[in-house]
Every structure is written in structure tokens, then in C-alpha cells.
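# Coordinates in review
Below, each chain spelled out in residue letters.
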Amino acid sequence: MNELLLGLADDELVIGWRDSEWTGIAPLLEEDVAFSSIAQNEIGHARAVYERLTDDADALAFDRSLDEYRCAPLVELRLLDWGRTIARRWLYEVADEIRITALMEDPDVGGLAAKINREEAYHRMHAEMWRERLRDEPRFRDAVTELWPYALGVVLPAQREALAARVALDEVEAVERGSHTDDFAPLWDEMTMVRRSAPVGSQW
Amino acid sequence: MAAVEIPQDEQAFLAYVQAGGQVETADWMPDDYRAKLVKFIEMHGNSELMGVLPEREWILRAPTLQRKLALTAKVQDEVGHAQLIYRVVEDLGKPRERCLADLVDGKAKFHNVFHYPTKTWGDVGVIAWLVDAAAIISQKALLKCSYAPYARIMKKICWEESFHILHGRDVILAMVTGTPAQFELVQEALNRWWGPLMQFHGNPIPKEEDPMYLWRIKSQGNEEARQQFLEGYVPQIWELGLTVPDTKLRRREDGTWEYGEPDWDELMHVVTGHGPKTDERLAFRRRFLDQEQWVRDAVLAA
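What comes next is a walk through the structure. Worth saying up front: this structure is predicted, and the values here are computed from it rather than measured. (Residues numbered from 1 in each chain as written. Chains lettered and ligands numbered in written order. Predicted model: local features only at pLDDT ≥ 70, side-chain atom pairs only at ≥ 80, totals over all residues. Heavy atoms only, no water.)

## Here we look at the overall build of chain B
Worth spelling out the cut-off: Helix and strand labels come from DSSP, where a helix needs a run of H or I of at least four residues and a strand needs a run of E of at least two; each type is numbered from the N terminus. When we talk radius of gyration, it's over C-alpha atoms, and the globule rule is simply 2.2 Å times the number of residues to the 0.38. Surface accessibility follows the Shrake-Rupley procedure with a 1.4 Å probe radius. Residue values consider only the protein chains on display as shielding. Neither His nor the chain ends contribute to the count of charged residues, in which Lys and Arg are positive and Asp and Glu negative. By convention, charge coordinates are those of NZ in Lys, CZ in Arg, CG in Asp, or CD in Glu.
Per the secondary structure count, chain B includes 13 helices and 2 strands. Against the compact-globule benchmark of 19 Å for 302 residues, chain B has a radius of gyration of 20 Å, which places it among compact chains. Projected onto its principal axes, the C-alpha positions of chain B cover 65 × 60 × 40 Å. With an accessible surface of roughly 12900 Å², chain B has 54% of that area assigned to carbon and sulfur atoms. Side chains of chain B carry 36 positive and 45 negative charges; the gap between the two charge centres is 3 Å.

What follows is the structure in C-alpha cells.
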């Protein structure tokens with residue numbers, strides 16, 4: 001269970017970091033604000049889950065080595081174009097809903113999962129709205145095809161059939177958790193650089 | 001409420017706003033007044049938006065989850081302010097798309113402080129604390145703006161900015177009480193930012209000669225604003241053990257601050273689009289404005 005929760009928290013942390021990359025440059029000011037808001041929620045979820053796993057959420061979030069992160073390759077990808085960003089947001093939110101809904105049944109973490117789920121409902125509405133707008137755009141459709149194997153890697157193998165049905169795509173071989181994409185090392189380097197510049201345990 | 005009669009003649013209108021009168025969007029106003037409003041408010045909107053870029057890369061480098069959340073929220077507020085402010089400009093006749101296009105084409109100005117690099121996490125603290133403190137002094141002087149819609153949104157903006165200052169002070173406090181190297185990051189950042197901060201409120205022209213004051217778009221002169229900044233923040237800076245890089249800085253018996261002459265040539269050079277980061281930041285915005293044009297087209301076509 002802890003392994004599963006760590007993967008969930010790392011996903012939320014890293015996608016929160018990636019969504020922040022649109023700050024100041026989103027195609028509409030409204031989306032700049034929306035992406036900041038979503039990023040804050042995702043980071044907040046990561047923190048809430050880390051706090052279940054440890055007394056020091058910051059240490060868990062920042063002080064691990066690269067290969068100790070359990071995030072899915074989908075969230076690691078650096079996608080600074082709107083078509084792929086929205087394709088990821090949509091696929092991720094659908095996958096995340098399946099995973100969170102399953103966790104809501106768990107006696108230990110059900111309450112936390114339900115709390116996270118309440119906020120995710122807004123992210124899903126946002127993602128669905130964009131998917132509706134872009135669904136006929138070739139850039140968006142290509143992006144969905146490209147990212148689909150990665151999206152499958154977000155959920156457990158037993159949940160993949162449900163995910164495929166929800167997004168109306170055929171199941172393919174998933175890009176699994178456990179190894180990292182080339183995009184992750186530069187992100188890790190950036191997200192930890194200030195923190196690493198002072199001795200461990202320093203206050204910031 | 002009885003409708004206030006807005007004088008429909010330039011001299012009478014001037015007397016009206018100088019007596020504290022306010023106007024609404026649909027009211028008659030002199031062309032010169034409208035043009036000054038657009039110029040002033042558009043620059044404010046541009047500054048909120050360009051103010052995001054010095055901080056954006058540091059959102060990705062924030063050293064704790066709490067700092068990451070606070071900085072993201074702060075920057076989100078700033079984009080939200082830009083959104084509100086551009087709406088005011090739009091009501092005065094200039095659409096947001098044109099403001100954004102003029103901005104990336106280098107035809108419109110934004111505040112001097114947003115033309116400089118953000119070198120370290122120390123700069124992030126100094127920006128959030130002192131740049132925002134300087135900005136809030138200017139913005140509070142707009143709460144009484146003769147153009148009522150602008151004055152109204154300034155209430156929300158000032159309220160949010162006051163939280164940014166708290167966040168900034170907290171970042172600074174953590175560092176000055178941290179390791180000597182962390183303290184040094186703050187001192188170095190303060191050294192870098194002091195010049196631009198002293199230039200921030202503009203040259204000390206008498207307020208009676210400032211057209212923005214004349215029309216009561218703003219309610220205080222440049223030097224008044226700078227004095228308020230010094231009075232409010234220099235003692236706090238000193239209290240933290242930091243050194244202000246100005247050997248002439250002192251508070252006179254009568255409460256007036258003396259300081260070394262700010263570099264007004266630098267200010268002029270920077271705000272006319274020649275700051276160290278001006279081109280790079282505008283090019284960055286332009287790149288994404290162009291790259292994502294298809295998204296706006298798709299949204300508008302729907």
C-alpha cells in the first residue's frame with residue numbers, strides 16, 4: 001500500500017511541477033490562473049499523502065535520489081505545447097479518477113482519497129471542457145495517441161481495461177512506472193537546486 | 001442614489017476630479033483624460049503580467065512544498081490582477097488582445113523592476129517583500145483614483161498584495177536567520193535590487209507637474225511615495241541585520257529620508273525597453289503567444 005501511495009503522491013507532485021511551467025505563458029490569461037490553481041491542488045495532495053507516509057513531507061518530496069521517485073513516466077514529460085499538455089491533463093485525470101475511486105474503498109486511506117477526489121472533480125471538469133474544445137484538432141488527437149501508452153502506466157494493470165473503456169481507446173503496452181524518462185533528471189535537478197544549496201536540515 | 005452631474009467641458013471636468021469627483025465608464029470624459037487613463041492602466045496591467053516572469057522559473061525551484069504553494073499562489077494572483085486590469089482598459093476602448101500584442105511588440109511599457117534578472121532565491125524574497133511593498137504604496141494611492149472602476153478593483157488588488165509582502169518577509173526571515181551563506185544570498189539580492197527600488201516611484205517631479213496627478217489618476221507624488229517606502233521598510237531592513245547599499249541614506253530629524261541620487265538615466269533606459277532582461281522576456285512571451293495562437297483560434301471558432 002505504501003508503494004502505491006508513494007507513486008500517487010509523486011505523480012501529483014511532479015504533475016504539479018509540470019503544470020507550473022505554464023505560468024505566465026498560457027494561451028489565455030484565464031488558463032494561466034487555472035493552471036496555477038490546479039498545480040496548487042496537486043502539490044497540496046502530494047503533501048497530504050507524504051504526511052501519511054512520513055513526519056517530514058519536504059524531506060520525502062525533495063531529498064530522495066532520482067531513482068527513488070515512483071512517479072509514472074506520463075507526468076515526467078516536458079510538454080510545453082498546449083495540445084499535448086491538455087492531452088496529458090485529460091488522460092491523467094481520467095486515470096487518476098479510477099485510481100482514487102478505488103482507494104476510497106480502503107479503510108485506512110479512504111477518507112484522504114475522498115478529500116482529494118472532491119478537488120479533482122474540478123480538474124476533471126476543466127480537462128473535459130478542453131477536450132471538448134480540442135477534440136477535432138489534429139494536434140490534440142495526435143497527442144492523445146502519443147501519450148496513451150504512458151497514461152496506462154498511471155494505473156494498476158487490473159484498472160487498465162476500465163481506463164481504456166473510459167477514454168474509448170484500445171489497450172496497448174503500457175509505459176510502466178519504475179524507470180524514468182530523460183525529462184525527469186533535469187526537472188529533479190531544478191526542483192531541488194535551491195534546497196541542495198544549503199546543508200540538509202536548513203530552514204527555507 | 002441621485003446621478004452625479006459630470007461636467008462636459010474639460011476645465012470643469014478637471015476641477016471636478018481635483019475636488020475628489022469620480023467618473024464611471026459611460027460618463028463623458030475629455031479625450032486627454034481617457035488617453036492618460038489607458039496609458040497608465042495598461043502599463044499597470046503589463047507590469048502585473050511581466051512581473052510573473054522574474055518569478056516563474058523559481059516556482060520550479062522553490063525549496064519546500066509550502067514555499068512552492070505560496071509562490072504559485074502569489075503569481076496566480078498577479079495574473080488575475082492583469083486580467084482585471086486589462087478589463088478596465090478594454091472598457092476604455094482598448095481590447096486585451098491589442099494590449100498583449102503591443103506589449104510583445106515593445107510598443108507598451110512596464111515597470112522598471114521587471115526588466116531585471118532574478119539570480120537567486122534571495123532575489124525571490126526581495127521581490128516578494130520589497131518590490132511588492134513599493135508596488136503596494138503606489139497602488140494604495142490609486143484607491144482614490146478619479147476613474148471609479150479602476151479604484152474599485154484596486155481594493156482587491158491591494159488586499160492580495162499585502163499577503164505577498166508577508167510571504168516575502170517570511171522567505172527573507174528564514175534566510176537571514178539561516179546559514180551565513182543564506183544570509184549572504186539576501187544581502188547580495190538587496191544590493192542588486194536597491195537601485196531599481198529607489199527608481200521605482202519615478203523621478204521627484206513636483207506632483208502639480210505630473211499629469212497623472214493633475215487628473216487625479218493617482219493621488220500622491222513620486223517623492224511622497226518613495227519617502228513612504230523608506231519610512232516603512234528601511235528600519236525593518238536594518239532590524240534584520242542587513243545593510244542598505246547607500247552610504248548617504250539617513251533619516252533627518254523632521255522624518256524626511258535623505259538618500260544618494262538614484263540613477264535616473266538607468267530608469268529611463270530600462271523603461272524604454274533596454275533593461276538587461278527586456279528582450280529575452282518579451283521574446284519568451286511572444287514565442288508562446290505565436291505558438292499557441294491556434295488554441296485561441298479554436299476557442300473563438302467554437
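## Some thoughts on the environment of Glu258(B)
Residues and elements named next belong to chain B. Definition in use: Burial status follows relative accessibility: with a 1.4 Å probe on protein chains alone, a residue under 20% of its type maximum counts as buried, one over 50% as exposed, and anything between as partly exposed.
With respect to the element layout, Glu258 can be found in strand S2 (residues 257–258). With a relative accessible area of 27%, Glu258 lands in the partly exposed category. In this structure the C-alpha to C-alpha distance between Glu258 and Lys248, which are 10 residues apart in sequence, comes to 6.7 Å.

## Topic: the packing of helix H1 (residues 2–20) of chain A against helix H5 (residues 82–103) of chain A
All names here are of chain A. Applied cut-off: Axis geometry follows a simple rule: fit a line to the C-alpha atoms, using only the stretch in contact for helices, then measure angles between N-to-C directions, giving values from 0 to 180 degrees. Roughly parallel covers angles under 35 degrees, roughly antiparallel covers those over 145, roughly perpendicular covers 65 to 115, and oblique covers all other angles. Here a crossing is taken to be left-handed if its near helix is turned anticlockwise relative to the far helix by less than a right angle, and right-handed if that turn runs clockwise. When checking whether two residues touch, look at their non-hydrogen atoms; a contact exists if any pair is within 4.5 Å. In the scheme used here, Gly and all other residues not listed as nonpolar or charged are polar, with Ala, Val, Leu, Ile, Met, Phe, Trp, Tyr, Cys and Pro taken as nonpolar and Asp, Glu, Lys and Arg as charged.
At their nearest, the axes of H1 and H5 sit 12 Å apart, and the two run at 155° to each other. When the axes of H1 and H5 are compared, the pair comes out roughly antiparallel. Between H1 and H5 lies a crossing whose hand is left-handed. Contacts between H1 and H5 pair Leu4, Leu5, Leu8, Asp11, Glu12, Ile15, Arg18 and Asp19 from the former with Arg88, Arg89, Tyr92, Asp96, Arg99, Ile100 and Leu103 from the latter. Tallied by class, residues from the contact of H1 with H5 come to 7 nonpolar, no polar and 8 charged.

## Side note on the packing of aromatic side chains
Going by this rule: Geometry of aromatic contacts follows a simple scheme: Phe, Tyr and Trp rings, the Trp one being its six-membered ring, pair when their centres are within 6.5 Å, and the pair is stacked under 30 degrees between planes, edge-to-face over 60, tilted otherwise. Look at NZ for Lys and CZ for Arg. If either is within 6 Å of the ring centre and within 35 degrees of the ring normal, a charge sits over the ring.
Counted according to the given criterion, the structure contains 18 aromatic pairs over all chains. Measuring from centroid to centroid gives 4.9 Å for Trp22(A) and Trp82(A), while their planes differ by 90°, and the two rings are edge-to-face. In this pair, Trp22(A) sits in the loop between H1 and helix H2 (29–53) while Trp82(A) sits in helix H5, placing the two residues 60 residues apart along the sequence. The class for Trp22(A) is buried, based on a relative accessible area of 1%. One aromatic cluster is present, formed by Trp22(A), Phe35(A), Trp82(A), Trp130(A), Phe284(B) and Phe288(B) through successive ring pairs. The ring centre of Trp17(A) lies 4.0 Å from the NZ or CZ of Lys68(B), which sits over that ring.

## Topic: the interface of chain A and chain B
For an interface, size is often stated in terms of accessible area lost upon the parts coming together. Under the convention used in this document: Salt bridges are defined as contacts in which a side-chain nitrogen from Lys or Arg sits within 4 Å of a carboxyl oxygen from Asp or Glu. Within 3.5 Å is the distance limit for a polar contact, defined as a pair of N or O atoms, with the added protein rule that one can donate a hydrogen and the other accept it, and that residues adjacent in sequence qualify only through two side-chain atoms.
Contacts between the two partners involve 45 residues from chain A, matched on the other side by 44 residues from chain B. In this structure, the salt-bridge partner of Glu190(A) is Arg61(B), at a minimum N-O distance of 2.9 Å. For the pair chain A and chain B, the number of links is 20 residue pairs in polar contact (both at pLDDT 80 or more). Elements that contribute at least two residues to the side of chain A that touches chain B include exactly H1, H2, helix H3 (57–62), H5, helix H6 (110–134) and helix H9 (184–196) of chain A. The dominant element in the side of chain A that touches chain B, judged by the number of residues it contributes, is H2(A), at 11 residues. Looking at the side of chain A that touches chain B residue by residue, the class counts come to 23 nonpolar, 11 polar and 11 charged.

## Description of the packing of helix H7 (residues 148–176) of chain B against helix H8 (residues 180–199) of chain B
Residue and element names in this part refer to chain B. For the pair H7 and H8, interaxial distance at closest approach is 7 Å and the crossing angle is 135°. By the angle between their directions, the pair H7 and H8 is classed as oblique. Of the residues in H8, those touching H7 at Ile172, Met175 and Val176 are Gln182, Phe183, Leu185 and Val186. In the contact of H7 with H8, the residues fall into 6 nonpolar, 1 polar and no charged.

## Considerations on helix H8 (residues 160–167) of chain A
Residue and element names in this part refer to chain A. Rules: Relevant arc is that of directions from the helix axis to the C-beta atoms, nothing else.
Listed in full, the buried residues belonging to H8 are Arg160, Leu163, Ala164 and Val167. The arc enclosing the buried residues of H8, seen along the axis, measures out at 100°, which places them on a common side. Facing away from the buried side of H8 by more than 90 degrees, the exposed set consists of Glu161 and Ala165. Its buried side turned inward, H8 meets H5 and helix H7 (138–152). A positive backbone phi angle near 55° is found at Ala168, which sits one or two residues after H8.

## Examining the environment of Lys156(B)
Looking at the secondary structure, you find Lys156(B) in helix H7. It is 23 Å that separates the C-alpha atoms of Lys156(B) and Val126(B), two residues lying 30 residues apart in sequence.

## Digging into a nonpolar patch on the surface
All names here are of chain A. Just so we agree on the cut-off: Nonpolar side chains (Val, Leu, Ile, Met, Phe, Trp, Tyr) are joined into patches within 5 Å and like charges within 9 Å, using only residues with over 30% relative accessible area and no salt bridge.
A cluster of nonpolar side chains, namely Met1, Leu4 and Leu156, defines an oily patch on the protein surface of about 260 Å² accessible area. Among the structural elements, Leu4 can be located in helix H1. Look at Leu4 and you get partly exposed, because its relative accessible area is 35%.

## Structural notes on the nonpolar core
One broad trend across soluble globular proteins is that nonpolar side chains are buried collectively. Put simply, the test is: Remark: nonpolar core denotes a set of buried residues (Ala, Val, Leu, Ile, Met, Phe, Trp, Tyr, Cys) joined through side-chain atoms within 4.5 Å.
Membership of the largest hydrophobic core comes to 92 residues, with the highest contact counts inside it found for Ile41(B), Trp121(B), Tyr147(B), Tyr150(B), Trp194(B) and Phe229(B). Among the elements that line this core, the one with the most residues is helix H6 (residues 121–140) of chain B, at 12 residues. Excluding anything up to four places from it in sequence, Tyr147(B) contacts Val23(B), Glu24(B), Thr25(B), Met29(B), Tyr33(B), Leu37(B), Ile41(B), Val88(B) and Leu92(B). By size, the runner-up hydrophobic cluster in this structure holds 72 residues, among which are Phe62(A), Ile100(A), Ile116(A) and Leu69(B).

## Quick notes on helix H13 (residues 293–301) of chain B
Given 3.6 residues to a turn, an α-helix orients residues that are three or four positions apart in the same direction. What H13(B) keeps buried is the set Trp294(B), Val295(B), Arg296(B), Ala298(B) and Val299(B). Where the residues of H13(B) are buried, they touch H5, H6 and H7 of chain A together with helix H5 (96–104) and helix H12 (278–291) of chain B.

## Quick notes on the environment of Val271(B)
Residues and elements named next belong to chain B. Tracing the backbone shows Val271 in helix H11 (residues 264–274). For Val271, a relative accessible area of 16% corresponds to the buried category. Distance from Val271 to Gln22, taken between C-alpha atoms, is 30 Å for residues 249 residues apart in sequence. Setting aside its immediate chain neighbours within four residues, Val271 contacts Lys109, Phe110, Asn112 and His115.

## Here we look at the pattern of salt bridges
All names here are of chain B. Per the counting criterion, the structure on display carries 40 salt bridges over all chains. Among the ionic pairs, Lys156 bridges to Glu160, the shortest N-O distance being 3.0 Å. One end of the pair is Lys156 and the other is Glu160, both in helix H7 and 4 residues apart, which spans about a single turn. For Glu160, a relative accessible area of 13% corresponds to the buried category.

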